[in-house]
Amino acid sequence: MKRTDRDKEQSRRVITRRALGLGALQLAVTGTLLWRLRDMQLEQADAFRLLAEENRINLRLLPPTRGPIHDRNGVLLAGNEQNYRVVMTRDDAGDIDLVLDRLQRLIGLEDEMVKRAREDMLRNRPFVPVTVAERLSWEEISRVAANAPALPGVTPEMGLSRAYPLMADMAHVVGYVGPVSDRDLAREESPDPVLMIPRFQIGKSGVEREVEARLRGKAGSQRVEVNSVGRVMRELDRIEGEPGETLHLTIDARLQNYALERLAGQSAAAVVIDIPTGDILASASAPSYDANMFVRGISRTNYNALLENDFRPLVNKCVQGMYPPGSTFKMVTALAALDAAETDGRERVYCPGHMDVSGNRFHCWKRSGHGQMDLVSALSESCDVYFYEMSQRCGIDRINAMAERLGLGERYDLPMTSVASGLNPSREWKTRTRDAAWRIGDTVNVSIGQGYVLTTPLQLAIMTARLASNRAVLPRLLRDPLERAIPQAASLDLRPEWLEMVRRGMAQTVNDRRGTAYSSRVVEPTMAMAGKTGTSQVFRITQAERDAGIRRQEDLPWNRRNHALFVNYAPIDNPRVAVAVIVEHGGGGSTAAAPIGRDILLAALNEGRPPLGAYPTSQRNRINAEQEALKDRLRDLGSFRVSRA
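Residues numbered from 1 in each chain as written. Predicted model: local features only at pLDDT ≥ 70, side-chain atom pairs only at ≥ 80, totals over all residues. Heavy atoms only, no water.

J.: How should the packing of helix H16 (residues 384-405) against helix H18 (residues 440-447) be read in this particular structure?
T.: A pair of packed helices is characterised by two quantities: the angle between their axes and the separation of those axes. H18 packs onto H16 with a crossing angle of 105 degrees between their chain directions and a minimal axis gap of 8 Å. By the criterion of interaxial angle, the relationship of H16 to H18 is roughly perpendicular. Contacts between H16 and H18 involve Phe-387, Tyr-388, Ser-391, Gln-392, Gly-395, Ile-396 and Ile-399 from the first element and Ile-440, Thr-443, Val-444, Val-446 and Ser-447 from the second. Of the residues contributing to the contact of H16 with H18, the split by class is seven nonpolar, five polar and no charged. (Axes fitted to C-alpha atoms, helices over the stretch in contact; angles between N-to-C directions. Helix = DSSP H or I, 4+ residues; strand = E, 2+ residues; numbered from the N terminus. Parallel < 35°, antiparallel > 145°, perpendicular 65-115°, else oblique. Contact = heavy atoms within 4.5 Å. Nonpolar A, V, L, I, M, F, W, Y, C, P; charged D, E, K, R; others polar.)

Printed below as a string of structure tokens:
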């Protein structure tokens, strides 16, 4: 069919519209290209010029600032200090051996440091910066910066490093930080990327480890431009991280320092509890160590010296050390017998110096015997035979239940490393662990804190606080500085007349002439204390040794001597503070542990040096000389106080 003129006209219009649309599209594309070309040539000329010179943009994680730790009064226990360091990136360094050799000659690096840096670079991805050296002086870091062209991939930096200004005072409580290990990463379900930064440090022990997530903070990021030799040309942008949380502990740094100095020269531990709140005011384990050594990289020689020390300075004896409580356990047996209605406390039991049970002879510490004893006198004079008798009447089940009620055998939830639960033995426990039946001799041994029973100094301090208050006091180590009121602990529901007898026995232990701790009494009525001595055997005394005459403790090798213990609280009428002290292989509780417990308690009550007037007149000259000698070793904490909590 022949096309009409009208059809031809319509076809031309369609072609014209398509041509116009195509032309517009071409114009838009050309315009966009021209605009982009102008932007690249004019607006971004500097950036591309730098890139043309083999510059590179690096993205780096910025380690967060670790949160500080303070004591209850604002004294700084763990903080951060400026740290000049040198980092190196394998991807930018080229020949890493050559660069490390130049750096070693420039700032005098040790061979071990160079070897470790090389291993870190080969182990990590090529673009990850590795710390080669830190804690450099200003002169050393300046030499590195001045020689940057000859040190490709090397960057001088200023960062922060953890520091413990009180050194050994808080090592067992606060702990220390160290480089992230494979073991640390294995504990993390989804490791924080910041942990991948070589030699990034995290908590290894104590509060630093147990509260790591709160102290660490969140990493920031930084984009920097570096040239072909690794020199940073400029910072393109930075996103600051979130610093870690500031923590306040219940510890009183001044009391902690006093307790450690008072324990100096011995393998010992002391725990001080604020009875109304459960706050741990001091947790001193002696000897201690300077936590800064681990942060800065402890030498093998120094580490071996700590490991091989018989006094075990790396162990926190306050919560990790487990010891037979000796006679400090007798309050548990006394209350168990009262609770079982097996005695009214006034009944007298005759002590001839021993008791025969199931064909075995159990001795009292006083070989000639104590004669007639009631509950109060048995506690104050620490008669073993009385408690042998009570234990046979009430049995291990009652003793186990009362020990649990008073806080023994419990692992307390505290941000401290390896908190031990001790051992509150029972029939079921012996069957399960020893595949043996419980025997009456086991009960007799437990009744005086020997045999299977094991406690920590922390548990003994809690037991003492519960006896003083009749409340289920729980220990606290972290403190909210804004907290205005702490809920009162639940009642133990021990009958007041029972506690009155036990407390009177503890008071007479210290304040009666026949009491085992009479020489450690406090004569100031407003600070009068109650307490209980304890001596736990490390090795069993054989009958042959008894027949030959038991040697004096000081004549025995140190590691064969008895442990010395003392627990106390004060004031008697309104208990505020409870203390537990153990001196490993100290001999006797009355001679080795009680004087220390008294001094620490007086320091806690007086927020400083114990007042001389609290001591018996006959002891004041000696005490004054001891305190003067001690004063020279105590810290002045004024410069460490950052803020009031």
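J.: Where do I start with the packing of aromatic side chains in this structure?
T.: Aromatic ring pairs are described here by two measures, namely the spacing of the ring centres and the angle between the planes. If you walk through the whole model with that rule in mind, you get nine aromatic pairs. With a centroid separation of 6.4 Å and 80 degrees between ring planes, the pair formed by Tyr-176 and Tyr-289 is classed as edge-to-face. Here Tyr-289 lies in the loop between strand S12 (280-286) and helix H12 (292-296) and Tyr-176 lies in the loop between helix H7 (171-174) and strand S6 (177-179), a separation of 113 residues in the sequence. When its relative accessible area of 16% is taken as the criterion, Tyr-176 is described as buried. Note on Tyr-289: relative accessible area 5%, which makes it buried. Here the aromatic cluster, defined as three or more aromatic residues joined through ring pairs, consists of Tyr-176, Tyr-289, Phe-294 and Tyr-303. Across from the ring centre of Tyr-518, 3.9 Å away, lies the NZ or CZ of Arg-521, which sits over that ring. (Phe/Tyr/Trp six-rings, centres within 6.5 Å; stacked < 30°, edge-to-face > 60°. Buried < 20%, exposed > 50% of the residue type's maximum accessible area, 1.4 Å probe, protein only. Lys NZ or Arg CZ within 6 Å of the ring centre and 35° of its normal.)

J.: For this particular structure, what's the right way to read the pattern of salt bridges?
T.: For side chains bearing opposite charge, pairing can occur when the charged atoms are close. Enumeration over the complete set of coordinates arrives at 29 salt bridges. A salt bridge links Asp-279 to Arg-72, with the nearest nitrogen and oxygen atoms 3.3 Å apart. Residue Asp-279 is found in the loop between strand S11 (268-274) and S12, and its partner Arg-72 is found in the loop between strand S2 (69-70) and strand S3 (76-88); the two are separated by 207 residues along the sequence. A single burial state applies to Asp-279 and to Arg-72, both of which are buried. What makes Asp-279 buried here is its relative accessible area of 2%. Through salt bridges with shared partners, a single ionic network connects Arg-66, Arg-162, Glu-208, Glu-212 and Arg-216. (Salt bridge = Lys/Arg side-chain N within 4 Å of Asp/Glu carboxyl O.)

J.: Can you walk me through the nonpolar core in this structure?
T.: Buried together is how nonpolar side chains tend to be arranged in soluble globular proteins. In terms of nonpolar packing, the biggest core is built from 103 residues, with Ile-273 and Leu-335 touching the most fellow members. Considering each element in turn, this core owes the most residues, 10 residues, to H16. Membership of the second largest hydrophobic core comes to 38 residues, among which are Leu-260, Ala-517, Leu-602 and Ala-603. (Core = buried A, V, L, I, M, F, W, Y, C linked by side-chain atoms within 4.5 Å.)

J.: Help me out: how do you make sense of the environment of Tyr-452 in this one?
T.: Looking at the secondary structure, you find Tyr-452 in the loop between H18 and helix H19 (457-469). The sequence separation of Tyr-452 and Pro-324 amounts to 128 residues, and the corresponding C-alpha distance is 7.7 Å. Every residue in contact with Tyr-452, bar those within four places of it in the chain, is listed here: Leu-423, Pro-425, Trp-429, Lys-430, Arg-434, Trp-438, Asp-442 and Val-446.

J.: Would you take a moment to explain H18 for this structure?
T.: Residues that lie three or four places apart on an α-helix share one face, since the helix turns once every 3.6 residues. Extensive coverage of H18 is indicated by the burial of six of its eight residues. Residues of H18 that are buried sit in contact with helix H14 (330-339), strand S14 (354-357), strand S15 (360-363), H16 and helix H17 (427-434). Once H18 finishes, Gly-449 follows within two positions and takes phi at roughly 75 degrees, a positive value.

J.: What am I meant to see in helix H5 (residues 111-123) here?
T.: Over its 13 residues, H5 extends 18 Å from the first C-alpha to the last, a length consistent with the 18 Å expected when each residue adds 1.5 Å. Buried within H5 are the following residues: Val-114, Ala-117, Asp-120 and Met-121. Taken around the axis of H5, the buried residues stretch over an arc of 125 degrees, which confines them to a single face. Exposed and oriented more than 90 degrees from the buried face of H5 are Asp-111, Glu-112, Leu-122 and Arg-123. Each element contacted by the buried residues of H5 is listed here: S3, helix H3 (90-93), helix H4 (96-107) and strand S4 (130-136). (Expected span 1.5 Å × (residues − 1). Arc of directions from axis to C-beta.)

J.: How should I be thinking about the environment of Leu-281 in this particular structure?
T.: Assignment of secondary structure puts Leu-281 in strand S12. Judged by its relative accessible area of 9%, Leu-281 falls in the buried class. Taking the C-alpha atoms as reference points, Leu-281 and Val-579, 298 residues apart in sequence, are found 9.8 Å from one another. Residues in contact with Leu-281, not counting those within four places in the same chain, are Arg-72, Thr-250, Ile-251, Asp-252, Leu-255, Val-272 and Asp-274.

J.: So what exactly am I meant to see when it comes to the packing of H4 against H5 here?
T.: Direction vectors running N to C along H4 and H5 enclose 150 degrees, while the axes themselves pass 11 Å from each other. Considering their axes alone, H4 and H5 lie roughly antiparallel with respect to each other. Considering the relative orientation of H4 and H5, their crossing is right-handed. Of the residues in H5, those touching H4 at Ile-96, Asp-97, Leu-100 and Gln-104 are Asp-111, Val-114, Ala-117, Arg-118, Met-121 and Leu-122. (Left-handed = near helix turned anticlockwise from the far one by under 90°.)

J.: In this structure, what is going on with the pairing of strand S18 (residues 530-536)? I would like to understand it.
T.: Each regular strand displays side chains that alternate between the two surfaces of the sheet. Where burial is concerned, most of S18 is hidden: six out of the seven residues are buried. Where S18 lies against strand S19 (residues 563-570), seven bridges are found, and the strand directions are antiparallel. Residue pairing across strands places Gly-534 opposite Leu-565, the latter belonging to S19. (Pairing = 2+ DSSP bridges.)

That is the geometry; function is a separate question.
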